[in-house]
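Spelled out from the first residue to the last, the chains are:
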Amino acid sequence: TISGVVAGGRRVERGLRELRSEWEEEVDALIADARADVELAVRDVEDAIEAQRSEVRRATETFNAQWIGQGRGEGRRGGGANVTAFNLTAWAARGGGGGLAKYLAETQDNIRSIEEDLEADLSDFKARWAVTAARLEYLPQELPKLRTLASVRAYVADTIFEGGTLPLVRRARRRASSPSGESDQPTKAPAKDYAKLKDPLGVRLAAAQGDVLRPTPDSDLRSGGRRLAILTTAALPWMTGTAVNPLLRAAYLAAKGYPVTLYVPWLPKQDQLLLFPRGLAFDKPAQQEAYSRWWLSNRANVEPPPSLRIRWYPANYEPGIGGIIQSGKIDLAALVPPEERDVAILEEPEHLNWYHHGSRWPELYRHVVGVAHTNYLQYSRLQYPGLEGQLKESWMELLNAVVCAAYTDVVVKLSPTLVDVPGHNLVCNVHGVRGEFLAVGAQAARNAGSFFDRGAYFLGKALWTKGYRELLDALAAHSPAGGDAPLPPLHTFGSGPDEDAIRSEVERLGVDVVTHEGIDHAHPSMHGYSLFVNPSTSDVLCTATAEALAMGKKVLIPDHPSNLFFKQFSNAILYDDPAQLGSLISEALATPPAAMTKMEQYALSWEAATERLLDAAALPAGTRRPKERPLHSLAYGVHYTMGTQPLCDVLRVASGVRPVFSVEERLRAAVGLATGDRGDSDGEKGVVEVGSSGGGGGGGGGSSSNIPTPAVSEAPANSCRSEVSTSGGRGDSRPLSTDRERERNRRGAAAAAGGNGQHDAGARPGG
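Residues numbered from 1 in each chain as written. Predicted model: local features only at pLDDT ≥ 70, side-chain atom pairs only at ≥ 80, totals over all residues. Heavy atoms only, no water.

### Quick word on the overall build of the chain
In plain terms, the rule: Starting at the N terminus, helices and strands are each numbered in turn, a helix being any DSSP run of H or I of at least four residues and a strand any DSSP run of E of at least two. When a residue's accessible area, from a 1.4 Å probe over protein chains only, is under 20% of the maximum for its type it is buried; when over 50% it is exposed; and in between it is partly exposed. Note on contacts: a residue pair qualifies if any of its non-hydrogen atoms lie within 4.5 Å across the two residues. For accessible areas, the Shrake-Rupley method is used with a probe of radius 1.4 Å. Any residue's cover is judged against the shown protein chains and nothing else.
Counting its regular elements, the chain contains 27 helices and 16 strands. For the chain, the proportion of its 767 residues judged to be buried stands at 50%. A separation threshold of at least 6 residues defines the contact pool for the chain, and within that pool the share at least 24 residues apart is 73%. As displayed, the chain offers around 34400 Å² of accessible surface, 53% of which is attributable to carbon and sulfur atoms.

Here it is in structure tokens:
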């Protein structure tokens, strides 16, 4: 009946309302749970960001406290008396450092001006070169052999820019006149004169190999759209050259507009505590990245541009060789994503590739540049005396030649102290000094009469091989009793393994030397010294000497290949005989240092060093890449074979590096207990994920960089060349706090117990 239908309809409507009400209650519960999860997740993120910021603040405060506290400890004089420490508070009260920012800005303006003028002169030089080479039978004899873009730049900076050489065409025509100089009209040179010249500019050689002033397209780093990957073997806060210089190089290249990614080693906590300054250690790569960016801004006066990214690869410190090595199963060449593989700059290509038995760099990248920092041959010779040292030196020279031939297109050596390697290599200083050193020098130039109120000093790590032996012997040989003028006290600054032995030797010899612990060269207590004495010949290129020159000081150094770059500076005093050292110290202290010219400032800057690198990296047009040469392919085959197990681990252990596979792993494999799964642990997943890789630093800005590492294909199962995990998951994700994790688990379990799959999915731990 109709009434029955109506009653049924009402019951249906009531049921629908009840069902809708229940559904709305469940939806509200889901929304409430989701909102709670979001709030928990947001609080977790905020806590993680705040923890990172707190860690960075703590690290920077620790660094600042240690930096400011330097120079306050009392030095120890050879005769036993203590010397009053530098008073930083009094220095600040006298206005010290107040104008440093002003001088830094002034110096940077000078550098930009010099750079613009030099580039204009360089362009003019190239145009005149083309005219001269095309029109003249021979070229000026006094011009150097210019066979690389780097040597062309150096020639222009040293001569044309300073006004020492007339434009090439006019100068060449004058040289083409008769020997008596009576005629100014160009004449054809006799054949015998040409024979004497022997192609002084290398133009005829370049004609066969390509134009020296035009690089190959792949090696032209000045062409648009180039992407740079810089890989190095150390990272801040370990204040070593291979940590500081690559970071500065990356920052200045990025400031020029290049997309730059710097790959640095991420160390386990125990290795950080061993290498980093006391109180500085990091739980996450993002924290260490934030510290590095802070250091660039506050210590190097370089604001990290957004185009600079920092990525990390797993590594370990190996005490047996005193250096950092990538984890055994990491293929460094394959770390960079394929779409970014354009130019690779390998800082210390020897060190990076000793234990790299994977992909061949030149096969993956359009151009591979190595920057050689260290004289490993000398280290081998000095560390192991006698026959053992000679054998290790020979082995090191062979191994360096093999890896450089196999993995690089160009090797740039900082000074002639490094031996040649197969392929294209040249000498060019591609390092600069931090802006604060140049600012100190500019300040000194304005106040030369009162700025330098201290005498001579030496700064270097407390190792006998760093020049302490030569210094103490020379001072001991300088005898006032024998008629030599007495010398004022000389202060040394350095910490290291031989620190106590050096102090004992100072006391034994009775020389007037005051020893101090190590200190940052830019510290205000160092500004007043007028003379830097550095008798060391063990460095490839001494950074401390460059920093002293930048601060406007005189430097007293031996006439040695490692000091070739410094000969151009007016405040550089070079000597041939160590017996001259004492008298030269007296002479140098008698007058104040000369004010640096703008060109000298520019030559020491990182802006100039960056330009030199872009030139030095170029291969002349028409030059074949080394990878196309049979000898270089053979070198790669030999080194790849050295990575086959068990030969790989035998060589690693013999050189003092831990093996890829432990004895336990080998025993398990031998008895058939190995599972066959070679999956890498979290510590060996190629690129270590960081919280930020863009311009935001590690304090919460910037985007996450979850970049999977490409696997190495067809790697032998028993080889050093193991596959690298391609997982893109976060290997460093921060664990939830105990209370919040417990709350999420409780609500997730309650939802699951209620049989509602939607609740379970929405409230699972982790959000």
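### Examining the pattern of salt bridges
Heads up, the rule is: By convention in these notes, a salt bridge is any Lys or Arg side-chain nitrogen within 4 Å of a carboxyl oxygen on Asp or Glu.
Under the definition given, this model contains 28 salt bridges. Measuring nitrogen to oxygen at the nearest pair gives 2.4 Å for the salt bridge that ties R112 to D109. Within this pair, R112 and its partner D109 are both found in helix 3 (residues 100–135), separated by 3 residues, close to a single helical turn. Taking the shortest distance from any N to any O, the salt bridge between E340 and R311 comes out at 3.2 Å. With E340 in the loop between strand 6 (323–326) and strand 7 (343–347) and R311 in strand 5 (residues 308–318), this pair connects stretches of sequence that are 29 residues apart. When salt bridges with common partners are traced through the structure, they connect D218, R226, D342 and R366 into a single cluster.

### A look at the confidence of the model for the chain
Inclusion rule: Note: pLDDT gives the predictor's confidence per residue, expressed from 0 to 100.
When pLDDT is averaged along the chain, the result is 75, and 71% of the positions lie at 70 or above. Element-level pLDDT for the chain is lowest in helix 27 (residues 757–762), with a mean of 32, against a maximum mean of 97 in strand 3 (residues 228–231). pLDDT under 50 marks residues 79–84. Its contacts with residues more than four places away, or in other chains, come to 9 contacts. Below pLDDT 50 for its whole length, residues 689–719 participates in 91 contacts with residues either more than four positions away or in separate chains.

### Describing the environment of E547
With respect to the helices and strands, the residue E547 is situated in helix 19 (residues 543–550). Look at E547 and you get buried, because its relative accessible area is 12%. In this structure, the C-alpha to C-alpha distance between E547 and G432, residues 115 residues apart in sequence, is 8.8 Å. If we skip the residues at most four places from it in the chain, E547 touches V433, F437 and H521.

### Here we look at the sheet that holds strand 9 (residues 410–413)
Note the cut-off: One bridge is not enough; two strands pair if DSSP finds at least two bridges between them. The axes used here are C-alpha line fits, helices contributing only the stretch in contact, and every angle between their N-to-C directions lies in the interval 0 to 180 degrees.
A sheet is described by the order of its strands in space; here 8 strands give the open sequence 6-5-4-3-7-8-9-10, paired in mixed fashion. The sheet is open, and its two borders are formed by strand 6 and strand 10 (424–427), each paired with just one other strand. Ignoring strand direction, the axes of neighbouring strands in this sheet form an average angle of 25°. Pairing of strand 3 with strand 4 (residues 260–266), which is carried by 4 bridges, proceeds in the parallel orientation. Its bridge partner lying in strand 4, L231 is registered against Y263.

### A short note on the pairing of strand 6
Across the two faces of strand 6 the burial is the same, with G323 and I325 and I324 and Q326 all buried. Judged from the 4 bridges that link them, strand 5 and strand 6 form a sheet pairing that is antiparallel. Looking at strand 6, one finds that E318 is bridged to G323. Taking the residues between adjacent antiparallel strands as the criterion, strand 5 and strand 6 are bridged by 4 residues, where G322 takes a positive phi near 65°.

### Structural notes on the packing of helix 8 (residues 241–255) against helix 10 (residues 285–298)
Test applied: Convention used here: angles under 35 degrees read as roughly parallel, angles over 145 as roughly antiparallel, angles from 65 to 115 as roughly perpendicular, and any remaining angle as oblique. By the convention adopted, Pro, Cys, Tyr, Trp, Phe, Met, Ile, Leu, Val and Ala count as nonpolar, Lys, Arg, Asp and Glu as charged, and the other residues, Gly among them, as polar.
Interaxial distance between helix 8 and helix 10 falls to 11 Å at its minimum, and their mutual angle equals 75°. Classified by the interaxial angle, the pair formed by helix 8 and helix 10 is roughly perpendicular. Contacts from V244, L247, L248 and A251 in helix 8 reach S292, W295 and L296 in helix 10. When the residues that make up the contact of helix 8 with helix 10 are grouped by side-chain class, the tally is 6 nonpolar, 1 polar and no charged.

### Let's talk about helix 17 (residues 468–477)
Here is the rule we go by: Arc, as used here, means the arc of the directions from the helix axis to the C-beta atoms.
For helix 17, the set of buried residues is Y468, L471, L472, A474 and L475. End-on view of helix 17: buried residues confined to an arc of 165°, all on one side of the axis.

### Some words on helix 13 (residues 376–383)
Those residues of helix 13 not exposed but buried are Y376, L377, Q378 and S380. Along its buried surface, helix 13 packs onto helix 11 (349–353) and helix 14 (386–407).

### Things to note about the packing of aromatic side chains
Stated formally: Whether two aromatic rings pair depends on their centres lying within 6.5 Å, for rings of Phe, Tyr and Trp, where Trp uses its six-membered ring; planes under 30 degrees apart make the pair stacked, over 60 edge-to-face, and the rest tilted.
Taken as a whole and assessed by the stated rule, the structure comprises 18 aromatic pairs. With a centroid separation of 6.3 Å and 15° between ring planes, the pair formed by F458 and F532 is classed as stacked. Note that F458 is positioned in strand 11 (residues 454–459) and F532 in strand 14 (residues 529–533), a separation of 74 residues in sequence. Of the two residues examined, F458 and F532, each falls in the buried class.

### Things to note about unusual backbone geometry
Glycine aside, negative phi is the norm for most residues, and most peptide bonds take the trans geometry. For the peptide bond that leads from L236 to P237, omega is 10°, which places it in the cis range. Looking at the element boundaries, P237 is found in the loop between strand 3 and helix 8. With an omega dihedral of 0°, the bond running from Q645 to P646 counts as a cis peptide bond. With respect to the secondary-structure elements, P646 resides in the loop between helix 23 (630–641) and helix 24 (647–654). With a phi close to 60°, E348 is a non-glycine residue in the positive phi region. For E348, the position within the fold is in the loop between strand 7 and helix 11. Assessed through its relative accessible area of 3%, E348 is described here as buried.

### Structural notes on a nonpolar patch on the surface
The line we're drawing: To count toward a patch, a residue needs a relative accessible area above 30% and no salt bridge. Like charges then connect within 9 Å, nonpolar side chains (Val, Leu, Ile, Met, Phe, Trp, Tyr) within 5 Å.
A cluster of nonpolar side chains, V12, L16 and L19, forms an exposed patch at the surface whose accessible area comes to about 300 Å². Summarising the element assignment, L16 is placed in helix 1 (residues 2–69). Take L16: its relative accessible area is 53%, and that puts it in the exposed class.

### Side note on the packing of helix 17 against helix 18 (residues 499–509)
Relative to each other, helix 17 and helix 18 sit at 10°, their axes nearing to 11 Å. By the angle class used here, helix 17 and helix 18 are roughly parallel. Across the interface between the two elements, Y468, R469, L472 and A476 from helix 17 touch I502, E505, V506 and L509 from helix 18. Of the residues belonging to the contact of helix 17 with helix 18, the class tally is 6 nonpolar, no polar and 2 charged.

### A word on the side chain of S219
The following threshold applies: In protein, a polar contact requires one atom able to donate a hydrogen and another able to accept it; more generally it is a pair of N or O atoms within 3.5 Å, and residues adjacent in sequence count only if both atoms are side-chain atoms.
Take S219: it is sitting in the loop between helix 7 (203–209) and strand 3. On the accessibility criterion, S219 (1% relative accessible area) is buried. Side-chain polar atoms of S219 contact the side chain of T216, separated by 2.6 Å. With residues up to four places along the chain from it excluded, the contact list for S219 reads R226, H367, A617, A618 and L619.

### Regarding the side chain of T417
Here T417 shows up in the loop between strand 9 and strand 10. Of note is the side chain of T417, whose polar atom sits 2.8 Å from the side chain of S415. Apart from residues no more than four positions distant in its own chain, T417 is found in contact with N375, D539, V540, H560, P561 and S562.

### Quick look at a negative patch on the surface
Rules: Charge counting follows a simple rule: Lys and Arg are positive, Asp and Glu are negative, and His as well as the terminal groups are ignored. Taken as the charge location is NZ of Lys, CZ of Arg, CG of Asp or CD of Glu.
Together, E18, E22, E25, E26 and D28 line one region of the surface with negative charge. Relative to the elements of secondary structure, E22 occurs in helix 1.

### Structural notes on the environment of I111
Structurally, I111 is set in helix 3. With relative accessibility at 4%, the residue I111 sits in the buried group. Here I111 is in contact with L438, Y602, S605 and E607, once residues within four sequence places are set aside.

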